[in-house]
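One letter stands for each residue in the lines below.
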Amino acid sequence: MSPIKILLVDDEELIIRLLSMSLQSDGYQTVSAFSGEKGLEVFKAEAPDIVITDIKMPGMDGLTLLKKIKEIDPDREVIIVTGHGDVDSTIMALQYGASDFINKPVRDAALAIAIERAKSKIAIRKKLEEYTINLEKKIAEATEEIRRKSDFQRLLIRSSNDAIVAFDSEWKVVVYNPEAARLFGEAAKDVLNKLTIDELYTTKIATVFKKQVALETDQRNYPWKEQVIHTKDGRQIPVRYASNVLFENNEFVGTVNFFQDLTEIKRLEAELVRSERMAAVGQTVSGLAHYVKNILIGLKGGSYIVDVGLQRNNTEKLRSGWETIKRNIKRIGDLTQDLLTYSKQREPELENCSPHDIIHELLELLREFAESKNISISMEADNSIGWIKADPKTIHHSLLNIINNAIDACIEDENISKQHEVKIRTFVDQDHMICFEVADNGCGMDEETRNKLFTPMFSSKGGKGTGLGLLVTEKLIEEHKGFIEIETSPGAGSLFRVRLPYEKPDEVGGMEQGA
Amino acid sequence: MSKKVLVVDDDPDVRSFIVTVLEENLYIPVIAQDGVEGLEKIEKENPDLVILDVLMPRGSGIRLYHHLKTDDRFSQLPIIMFTGISLRSFLKSQKVLDEFKGAKVPEPDIYLEKPVDPEVLAEAVRKKLG
């Protein structure tokens with residue numbers, strides 16, 4: 001640090017010389033002037049740290065110099081040298097801002113004290129200045145940091161793919177990002193700090209959010225919900241939204257809502273459903289075409305045989321051809337019936353009926369064919385089940401389909417050394433459901449076949465199945481509030497269990513309806 | 001002297017159609033309901049031609065074809081495939097059997113996909129039997 005520079009101003013040269021010598025020996029640098037005017041010039045040129053000036057000088061006196069210096073730099077230390085008892089000048093000098101006074105004749109000790117005081121004032125001021133500068137710098141840095149952070153947050157909110165809307169405690173919009181503007185169709189400038197929640201949202205949604213605040217006492221996340229927004233310009237936008245109620249020191253300060261536009265997702269979902277449906281339709285149509293082709297083959301073959309019978313006048317051929325045609329007409333009828341049953345919602349027609357009678361009827365129908373294939377059919381009935389209230393068509397159709405399948409599974413079985421059998425059993429289970437079990441020891445199913453059982457038009461029977469049988473059966477049973485269960489193992493056989501609600505028959509006058 | 005033709009098909013409608021076509025063209029039809037019965041009838045009746053369905057219970061059409069082509073006694077017996085499945089699927093099934101049995105069988109020379117006109121069937125039979 002450079003030595004302190006002191007300017008000495010006095011019209012008496014001797015005094016200046018003496019003072020200079022004394023000060024220099026104390027390590028100060030001195031400059032001097034012999035008049036007030038000169039003093040001001042030197043002050044301007046040398047910028048001393050301290051000025052010591054006599055008051056009484058010809059021309060510009062010490063007070064004037066003090067005034068001028070203070071005009072240039074109010075902080076500069078100026079020590080005034082006064083004559084003994086010159087009270088008026090001293091008071092004036094104080095008013096002008098002199099830092100100290102020394103009486104004439106100037107004694108070294110007094111001078112040293114005055115200079116020390118001036119020096120410590122300079123030091124304090126310098127420190128203060130440093131502090132101030134430092135503080136300003138720190139404030140500038142902090143401000144910059146805050147600005148950066150808030151810019152970043154603003155950017156985050158701006159660039160969010162979610163629409164973000166926040167309200168203050170008065171429900172005025174305070175955050176409204178571009179995605180929100182896109183979603184609600186109103187420009188930020190017309191919304192921010194202008195609209196309230198009731199003006200931005202439809203009443204219904206506004207009410208939902210307001211209620212939330214009334215209910216909640218603590219800040220927390222709400223699960224995402226879905227809703228359709230009706231915008232002011234008449235668009236309907238499906239959204240997912242979440243809402244947070246904001247509290248600061250337990251005080252409600254506002255709410256923030258997040259919206260995700262689901263339009264695109266919904267569109268893709270719909271497209272997926274449509275394409276899956278198209279694929280299902282394709283599969284259905286090709287399965288159907290295959291089956292219809294088989295019927296057509298039967299009809300063509302039959303009509304050819306009839307033609308031959310007519311030409312040859314051969315009754316045997318006529319009968320055979322006609323049987324073929326009738327059989328295939330029945331297949332068309334059955335197919336149409338299945339398609340209609342499958343495609344239409346149908347309420348079960350409940351009436352009093354005897355399930356065992358229905359099973360016996362079915363067995364009459366199927367036994368001859370089964371026996372021709374060397375398959376035995378047996379029945380184990382729970383005789384506690386008498387009449388029940390159910391839809392006999394459901395029972396008939398379902399069991400016919402399942403027993404037919406069981407017979408086919410036996411025919412299809414590669415193990416021809418097995419004595420094939422189909423066992424039918426009825427019982428009431430612990431859930432008070434009436435159960436129909438059809439078990440066969442035929443070919444069984446692998447997992448792939450098992451998984452495709454209820455796929456439309458899937459058939460494991462080549463062209464001989466419509467691929468609708470089990471589907472229709474399942475539908476009928478579901479409409480009857482029942483269940484269908486399957487246990488199967490390749491090579492060992494399958495068990496189909498149909499469970500229907502066990503309802504007692506109506507007591508009054510219904511007994512004769514069922515049979 | 002009329003030639004004997006064995007019809008192997010599990011569908012009674014198809015059987016009676018083929019039988020009628022054969023009778024109309026003065027062949028003697030013999031019938032079997034599946035591959036197993038088919039082989040029995042071939043051994044017993046010694047037919048001049050077999051009309052064979054592919055899809056029958058227990059995969060017996062596919063097996064019977066492969067069996068006949070690999071059995072020295074019957075490898076020259078003419079066969080007409082008469083079926084609802086495509087030739088491609090049938091050949092695939094034969095390839096599987098080839099690998100399984102370690103013997104390669106030739107493709108069928110006549111493969112008719114249902115539905116088949118009576119004239120086309122008669123023509124195919126004539127071609128084989130003269």
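Being a predicted model, the structure only gives us computed values, none of them experimental. (Residues numbered from 1 in each chain as written. Chains lettered and ligands numbered in written order. Predicted model: local features only at pLDDT ≥ 70, side-chain atom pairs only at ≥ 80, totals over all residues. Heavy atoms only, no water.)

1. Observations concerning the interface of chain B and chain A
Contact residues are listed per partner, giving 22 residues for chain B and 26 residues for chain A. Summing the contributions of chain B and of chain A, the shared interface buries around 1,900 Å²; its carbon and sulfur component is 52%. Here chain B is connected to chain A by four salt bridges. For Asp13 of chain B, the salt bridge is made with Arg327 of chain A, and the minimal N-O distance between the two is 2.3 Å. For the pair chain B and chain A, the number of links is six residue pairs in polar contact (both at pLDDT 80 or more). Taken together, the residues of the side of chain B that touches chain A sort by class into nine nonpolar, five polar and eight charged. (Contact = heavy atoms within 4.5 Å. Buried area = accessible area lost by both parts, 1.4 Å probe. Salt bridge = Lys/Arg side-chain N within 4 Å of Asp/Glu carboxyl O. Polar contact = N/O pair within 3.5 Å; in protein donor to acceptor, adjacent residues only side chain to side chain. Nonpolar A, V, L, I, M, F, W, Y, C, P; charged D, E, K, R; others polar.)

2. Some points on the sheet that holds strand 14 (residues 421-428) of chain A
All names here are of chain A. Spatially, five strands are ordered 12-14-15-17-16 in an open sheet, and the strand pairing comes out mixed. One side of each edge strand has no neighbouring strand; the edge strands of this open sheet are strand 12 (376-380) and strand 16 (483-489). Mean inter-strand twist for the sheet, computed between neighbouring axes without regard to direction, equals 15°. Of the pairings in the sheet, the one linking strand 15 (residues 433-440) to strand 17 (residues 493-501) comprises eight bridges and is antiparallel in character. Across the sheet, residue Val438 finds its bridge partner in strand 17, namely Phe496. Contacts from helix 12 (residues 355-372) reach strand 12, strand 14 and strand 15, with the element oriented near 170° to strand 12. Sheet strands in contact with helix 15 (residues 469-479) are strand 16 and strand 17, and its direction is about 140° off that of strand 16. (Pairing = 2+ DSSP bridges. Helix = DSSP H or I, 4+ residues; strand = E, 2+ residues; numbered from the N terminus. Axes fitted to C-alpha atoms, helices over the stretch in contact; angles between N-to-C directions.)

3. Here we look at the pairing of strand 2 (residues 28-32) of chain B
All names here are of chain B. Looking at chain direction, strand 1 (residues 4-8) and strand 2 are connected through five bridges and run parallel. Residue pairing for strand 2: Lys4 is matched across the bridge by Ile28. Assessed by its sense of winding, the connection that carries the chain from strand 1 through helix 1 (residues 12-24) to strand 2 is right-handed. (Right-handed = clockwise from strand over helix to strand, strands pointing away.)

4. Points about the packing of helix 13 (residues 392-412) of chain A against helix 15 of chain A
Residues and elements named next belong to chain A. Relative orientation of the contacting elements helix 13 and helix 15 amounts to 145°, with a least axis distance of 9 Å. Once helix 13 is placed against helix 15, the crossing between them reads as left-handed. Judged by residue contacts, Thr394, His397, Ser398, Asn401, Ile402 and Asn405 of helix 13 engage Gly469, Leu470, Val472, Thr473, Leu476 and Ile477 from helix 15. (Left-handed = near helix turned anticlockwise from the far one by under 90°.)

5. Here's the deal with the packing of aromatic side chains
Residue and element names in this part refer to chain B. For the structure shown, the criterion picks out 11 aromatic pairs over all chains. An angle of 40° between the planes, with centres 5.5 Å apart, marks the rings of Phe90 and Tyr111 as tilted. Here Phe90, found in helix 4 (residues 87-101), pairs with Tyr111, found in strand 5 (residues 110-113); they are 21 residues apart in sequence, far enough to count as distant. Overall, the relative accessible area of 0% leaves Phe90 in the buried class. (Phe/Tyr/Trp six-rings, centres within 6.5 Å; stacked < 30°, edge-to-face > 60°. Buried < 20%, exposed > 50% of the residue type's maximum accessible area, 1.4 Å probe, protein only.)

6. Section: helix 3 (residues 60-70) of chain B
All names here are of chain B. With eight of its 11 residues buried, helix 3 lies for the most part within the structure. Restricting attention to buried positions, one finds in helix 3 the residues Ser60, Gly61, Ile62, Leu64, Tyr65, His66, Leu68 and Lys69. Close packing links the buried residues of helix 3 with strand 1, helix 2 (35-45), strand 3 (49-52), strand 4 (79-83) and helix 4.

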